[in-house]
Amino acid sequence: MRERLLTTCEREFIHNVMKEGGEDGELVRLDGRGKSEMRRVLVTLGRQQYGQATASIGNTQAICRVSCSIVRPHEDRPTKGFVRYGVTLSPMASPDYDAGGRPSAASIYLTRLLEHIFREARALDDESLCIVAGEKVWAVSVNVTVTNDDGNMEDACALAALAGLMHFRRPYVSIAGQDVVVHPFDEHEPVSLAINHRPLNVTTALFDNGDLALVDPTKIELKVADGSISVAMNTHGEICGINSSEGLAVDPEQMEAIVAATKHRVTHLFTALNKAFPKE
Amino acid sequence: MADEIAAETFKKVYPREFYSRFLEHNVRPDGRSREDPRPCAIAPGTITSSDGSCLVTLGKTSVVCGIKLEFADPPLDNDNVGWIVPTVTLPPLCSDRFTPGPPPAEAQRLSEFITDIFCSDTMLDKHDLCIIPGKLSWALYLDIQCVNYDGNVVDACVLAAMAALQSVTLPKVELPSDLSDLEGLPSIDRSAGHALNLKRTVTSCTFAVLDDVLTDPCLEEEDLCSASMTVVVDDAGSICSMCSPGDSNAEDTRA
Amino acid sequence: MPEYISVEGLREDGRRANELRRVEANVGMFPHADGSAYFQQGDTKVVAIVNGPKQGVGKAGDAGKVVCDFEMAAFSTTQRRKPLRLDRKNAELGSKIASTFESAIMTDLYPRSQIEISVQVLQADGGVLAVAINAVTLALMDAGVAMTDFVCACTASVIDGTNVLDINHYEASAQGPELTIAVLPSSSTIVMAEMKSRVHGDLYAGLQDLAIVGGTTLLPLLKKAVHDRTRAMLPCLGPAA
């Protein structure tokens, strides 16, 4: 389906709202937020099975399902397991997305974003997924579906994926001689995944050639924006990935400021995540 | 200046006639005689990350061949041999007649042609590629990428593949004296090793028929010709292969 | 423990921490395309081709569209890459390159048109995205596409506590952070930023500065390639030029 075009008066209205500011001169966005405020973040975990998590940021919602299976490892990496990421944009999310067919550019971008944040920053320990070196390893599959797109799908997908990975439990495996026994959940307590560090993503949209930066943009703000930057950071203050979108044109100082401010902004996301895991 | 414009227009409107006018005087528009090939440059070893490579330019046509050696299981029907897998790619980059998407028919034809020449036992004994009979052998991937498509890509591909194969060093495989001690894959030493045992050297020559027989046709000549033929010859002078794609008359057998 | 930087401060290929690799550029080698360029930094070799502006496909907009098709040759990496129908990494790099140039090309001048970029990597020895962006800049210049500035890209990393510029594949295996930045050199405006792996937030500013310096250092080399090409073309314009 064709993307709904933004009318000129809508575009001007949003621009003017951002310029005028509220009572005390501070900028107020369409939904009443300030420049650096994020929307309400909620993480819920699946109760029926492990590895299911739903993350919502405002109206944007993403659901993650983590599953695993036993496969043969690569010949030249006999002790490493696999973790595969995939993001699907269903037509539920927005009439802009088509069902089935080839993955769209947007879903490829989101999948690669997850791969950047989790795989390339080595958030999960591949070696802990090994069962029998050279023969059997775990292959973990992280599938995220965006069920509602109101802007900032990047952060929602990353949050859903991390929550899903933290919630997931794989079956306990015992090795008796040559045999590998996979114990069902009622026989032996399942094992959680070895997560080295926990990265989450904060996206900032840029307007007016980088002069104005708004955190956690909504869909309509994104339509008016020049471009956006996504910065992923973990609880230790390490940056785990930076990705820029099209139309970016920003000064180095503004870029540094955005990256530096991520440390403060990402705590909002971690607070919501930790609420969902009371015992941690 | 007016003459130049007239010549350009004539070439666009009556390309066949344009060529005929030149051939009447025993010369082609690019200045060559009927038998002259274009200047050719062969540069082996350009891609340092591969096990053997070669860049060949034939006039404006240029192709790059890269060879990678990987471990593989031997074929199910023959325990003692390895694999040779040639592929020719014609990406959209090399010419505007190719669009992104599935490989064009021309690429598949070229891949088949190269496979026929280089995978036969008369070129290379596949037993040399076996490491441990029944368990491990080499797979030699020969990837040819066309960088600029200006006619007679087939000769450039044959040259590139031949030169690249000659530059390959088969790494030395460290095998323990008792093979049952071997766990996983053996280590390899790329610095020590030996060249491939190639039984012969081949070159090819392509001819196109356009009023007369022309050697090494450029792109315009390929598009206009009524028939073309490629002959592959080895160092002993015997003909290894002949190929004549597309519609051609039976009278064009002068090689 | 492999040593990436020696005691004297030299890297594996003999460079100092803030030195770029040797650059080779060639503009306009392919006559069939509107613009073409070959760019090499160290052992990373990339060919780029530009066709356009031409008729736009799909929804017509007021500004031109930039599309990029990115491919890596099967022999370009140390481990052979199997050519796949849909290669996600290639699709991602293609769209990253296209979005980088959306900011630099004056797309308002080309309504309802599209500019097609085609990139082919012949050898990948680190910094592939950066070298590809530099090659595409030269190809766009050769095609005569209007741009606000050159786009220069460079990588930076941290190895053994030292910030290093323009890393190769061996240094990338140290698993340090890899920051790629594309800038418009005259204004130091960043048009693309990508970072892989982890780095502490406090170290980011230093890395960004180094990458921008690398990009601005490349500018005279890119300019020279374009000037050489123009000088070679001048006699072809005829006696009136």
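Residues numbered from 1 in each chain as written. Chains lettered and ligands numbered in written order. Predicted model: local features only at pLDDT ≥ 70, side-chain atom pairs only at ≥ 80, totals over all residues. Heavy atoms only, no water.

Formally: UniProt positions are given in the numbering used here, feature names are shortened, and annotations may be inferred rather than shown by experiment.
What UniProt states about chain C under its Sequence similarities (unreviewed entry) heading is, verbatim, "Belongs to the RNase PH family."

The record in UniProt for chain A states the following under Sequence similarities (unreviewed entry): "Belongs to the RNase PH family."

Topic: the sheet that holds strand β4 (residues 65-72) of chain C
Residues and elements named next belong to chain C. Formally: When DSSP finds two or more bridges between a pair of strands, those strands are recorded as paired. Segments assigned H or I by DSSP are reported as helices when at least four residues long, segments assigned E as strands when at least two residues long, and all are numbered from the N terminus. Throughout, an axis means a line fitted to C-alpha atoms (over the contacting stretch in the case of helices), and angles, computed between N-to-C directions, take values from 0 to 180 degrees. Residues are treated as being in contact if the distance between any of their heavy atoms lies within 4.5 Å.
Pairing in this open sheet of 5 strands is mixed, and the strands run β1-β2-β3-β5-β4 from one edge to the other. A single partner strand is all that each edge strand has here, and the edge strands are β1 (23-27) and β4. Strand-to-strand twist in this sheet, taken as the mean axis angle between neighbours without regard to direction, amounts to 15°. Across the sheet, helix α2 (residues 128-143) is in contact with β1, β2 (35-41), β3 (44-55), β4 and β5 (113-123); its angle to β2 comes to roughly 150°.

Side note on the packing of aromatic side chains
The condition that has to hold: The rule is short: rings of Phe, Tyr and Trp, with Trp giving its six-membered ring, pair when the centres are within 6.5 Å, and they are stacked under 30 degrees, edge-to-face over 60, tilted in between. Categorising residues by exposure relies on relative accessible area from a 1.4 Å probe, with only protein chains included: less than 20% of the type maximum marks a residue as buried, more than 50% marks it as exposed, and the intermediate range marks it as partly exposed.
Scanning the entire structure with this criterion turns up 8 aromatic pairs over all chains. Ring geometry for Tyr50(A) against Phe185(A): centres 6.0 Å apart, planes inclined by 55°, an arrangement best described as tilted. Taken together, the residues span a long stretch of sequence, with Tyr50(A) in the loop between β1 (41-45) and β2 (52-57) and Phe185(A) in the loop between β9 (179-183) and β10 (191-192) at a distance of 135 residues. Given the relative accessible area of 40%, Phe185(A) is considered partly exposed. Ring centres 4.9 Å apart and planes at 20° place the aromatic pair Phe71(B) and Trp138(B) in the stacked group. Placement of Phe71(B) in strand β3 (residues 61-72) and of Trp138(B) in strand β6 (residues 136-148) is noted, with a sequence separation of 67 residues between them. No difference in accessibility class separates Phe71(B) from Trp138(B), as the two residues are buried. Members of the aromatic cluster, each reached through a chain of ring pairs, are Phe10(B), Tyr14(B), Phe18(B), Tyr19(B) and Phe22(B).

Examining the UniProt feature "domain: Exoribonuclease phosphorolytic" (unreviewed entry) in chain A
On the UniProt side, "domain: Exoribonuclease phosphorolytic" (unreviewed entry) is annotated at positions that read residues 37-171 and 199-260 of chain A here. End C-alpha to end C-alpha, residues 199-260 of chain A measures 15 Å, and it is 24% helix and 45% strand.

Things to note about the side chain of Thr61(B)
All names here are of chain B. Here Thr 61 lies in strand β3. For Thr 61, a relative accessible area of 0% translates into the label buried. The contacts of Thr 61, once residues within four sequence positions are left out, are Arg 38, Val 56, Asn 148, Tyr 149, Asp 150, Gly 151, Asn 152, Val 153 and Ala 156.

Regarding the pairing of strand β9 (residues 202-210) of chain B
Residue and element names in this part refer to chain B. Within β9, 7 of the 9 residues are buried, which leaves the element mostly enclosed by the surrounding structure. Relative to strand β11 (residues 227-234), β9 runs antiparallel, the two sharing 8 bridges. What sits directly across from Ala 208, in β11, is Ser 228. Here β9 pairs with strand β10 (residues 212-215) via 4 bridges, running antiparallel. Bridged to Phe 207 within β10 is Thr 215.

A closer look at the UniProt feature "domain: Exoribonuclease phosphorolytic" (unreviewed entry) in chain C
UniProt annotation of "domain: Exoribonuclease phosphorolytic" (unreviewed entry) refers to residues 19-145 and 149-200 of chain C when read in the numbering used here. As a span, residues 149-200 of chain C carries 8% helix and 56% strand, and end to end its C-alpha atoms are 32 Å apart.

As for the pattern of salt bridges
Quick reminder of the rule: One side-chain nitrogen of Lys or Arg within 4 Å of one carboxyl oxygen of Asp or Glu is enough to make a salt bridge.
All told, the structure shown has 37 salt bridges over all chains when counted by the stated rule. Residue Arg11(C) pairs with Glu171(C) through a salt bridge whose shortest N-O separation is 2.8 Å. In this pair, Arg11(C) sits in the segment before β1 while Glu171(C) sits in helix α3 (residues 169-172), placing the two residues 160 residues apart along the sequence. On the basis of relative accessible area, Arg11(C) is assigned to the buried category, the value being 4%. Overall, Glu171(C) belongs to the buried group, its relative accessible area being 1%. It is possible to trace a salt-bridge network through shared partners that takes in Arg112(A), Glu115(A), Arg119(A), Glu120(A), Arg88(C), Glu92(C), Lys96(C) and Glu194(C).

Here's the deal with the interface of chain A and chain C
How we decide: Here the buried area means the combined drop in accessible surface, using a 1.4 Å probe, for two parts upon being joined, counting both sides. Polar contacts here mean pairs of N or O atoms no more than 3.5 Å apart (in protein, one a potential hydrogen donor and the other a potential acceptor; neighbouring residues in sequence count only if both atoms are side-chain atoms). Amino acids are sorted into nonpolar (Ala, Val, Leu, Ile, Met, Phe, Trp, Tyr, Cys and Pro), charged (Asp, Glu, Lys and Arg) and polar (every other residue, Gly among them).
Chain A puts 36 residues into the contact, and the matching count from chain C is 31 residues. When the two sides are added together, the surface that chain A and chain C hide from each other amounts to roughly 3000 Å², 52% of it contributed by carbon and sulfur. If you look at where chain A meets chain C, you find 3 salt bridges. Across the pair Arg88(C) and Glu115(A) runs a salt bridge whose closest N-O atoms are separated by 2.8 Å. For the pair chain A and chain C, the interface holds 17 residue pairs in polar contact (both at pLDDT 80 or more). Counting only elements with at least two residues in the side of chain A that touches chain C, the list comes to α2 (105-120), β14 (238-244) and α5 (252-276) of chain A. The element best represented in the side of chain A that touches chain C is β14(A), accounting for 7 residues. Its residues assigned to classes, the side of chain A that touches chain C comprises 13 nonpolar, 11 polar and 12 charged. Here 2 bridges tie β14(A) to strand β9 (residues 189-196) of chain C, and the two strands are oriented antiparallel to one another. Bridge pairing in β9(C) places Ile242(A) opposite Met195(C).

A short note on a negative patch on the surface
Rule in force here: Nonpolar side chains (Val, Leu, Ile, Met, Phe, Trp, Tyr) within 5 Å and like charges within 9 Å form the patches, drawn only from residues with over 30% relative accessible area and no salt bridge. Computed with the Shrake-Rupley method and a 1.4 Å probe, the accessible areas treat only the protein chains shown as cover for residues. Counted as positive: Lys and Arg. Counted as negative: Asp and Glu, with His and the chain ends omitted from the count. Charge placement uses NZ in Lys and CZ in Arg. For Asp and Glu, CG and CD serve respectively.
A cluster of like negative charges, contributed by Asp211(A), Asp251(A), Glu253(A) and Asp209(C), occupies part of the molecular surface. Looking at Asp211(A), the relative accessible area reads 64%, which means it is exposed.

Focus on the nonpolar core
As a reminder of what qualifies: What is meant by a nonpolar core is a set of buried Ala, Val, Leu, Ile, Met, Phe, Trp, Tyr and Cys residues, joined one to another through side-chain atoms within 4.5 Å.
Core analysis: the largest hydrophobic core is formed by 135 residues, its most contacted members being Val142(A), Ile242(A), Leu273(A) and Ile97(C). For Leu273(A), the contacting residues outside a window of four places in its chain are Val43(A), Leu159(A), Leu162(A), Ala163(A), Met166(A) and Leu200(A). Among the nonpolar cores identified, the runner-up in size contains 53 residues, and Val56(B), Leu69(B), Cys146(B) and Val154(B) belong to it.

Points about the packing of α2(C) against helix α4 (residues 204-233) of chain C
All names here are of chain C. For clarity, the threshold we go by: Should the near helix be turned anticlockwise from the far one by less than a right angle, the crossing is left-handed, and should it be turned clockwise, the crossing is right-handed.
Two numbers describe how α2 lies on α4: the axes approach to 11 Å, and their chain directions differ by 35°. Considering how the two elements wind past one another, α2 and α4 form a crossing that is right-handed. Residues Asn 134, Leu 138, Met 141 and Asp 142 of α2 pack against Leu 218, Leu 222, Ala 225, Val 226 and Arg 229 of α4. Class assignment for the residues of the contact of α2 with α4 results in 6 nonpolar, 1 polar and 2 charged.

A word on the sheet that holds β9(B)
Residue and element names in this part refer to chain B. Taken together, 4 strands build an open sheet; the order of strands is β10-β9-β11-β12 and the sheet is antiparallel. Looking along the sheet, the strands with just one partner apiece sit at the ends: β10 and β12 (239-243). Adjacent strand axes in the sheet meet at a mean angle of 25° when their direction is disregarded. Helix α4 (residues 153-166) rests against β9 and β11 of the sheet, and its axis sits at about 175° to β9.

Here's the deal with the state of the cysteines
The cut-off we apply is this: Cysteine sulfurs are considered disulfide-paired once they come within 2.5 Å of each other.
For the structure shown, the criterion picks out 0 disulfides over all chains. Looking at the unpaired Cys236(C), the closest cysteine sulfur is the one in Cys218(B), lying at 19 Å.

Observations regarding the packing of α2(A) against helix α3 (residues 153-167) of chain A
Residue and element names in this part refer to chain A. The condition that has to hold: Each angle is binned into one of four classes, with values under 35 degrees roughly parallel, values over 145 roughly antiparallel, values of 65 to 115 roughly perpendicular, and all other values oblique.
Where α2 meets α3, the closest approach of the two axes is 10 Å, and the angle between their N-to-C directions is 50°. As judged from the angle between their axes, α2 and α3 are oblique. Crossing hand, α2 versus α3: right-handed. Contacts between α2 and α3 pair Tyr 109, Leu 110, Leu 113, Leu 114, Ile 117 and Phe 118 from the former with Met 153, Glu 154, Cys 157, Ala 158, Ala 161, Leu 162 and Leu 165 from the latter. Grouping the amino acids of the contact of α2 with α3 by side-chain chemistry returns 12 nonpolar, no polar and 1 charged.

Brief notes about helix α1 (residues 88-104) of chain C
Residue and element names in this part refer to chain C. Using the following cut-off: To estimate how far a helix should reach, multiply one less than its number of residues by 1.5 Å.
An ideal rise of 1.5 Å per residue puts 24 Å on 17 residues; α1 measures up with 25 Å between its terminal C-alpha atoms. In terms of burial, α1 is largely enclosed, as 12 of its 17 residues are buried. Considered for burial, the residues of α1 that qualify are Asn 90, Glu 92, Leu 93, Gly 94, Lys 96, Ile 97, Ala 98, Ser 99, Thr 100, Phe 101, Ser 103 and Ala 104.

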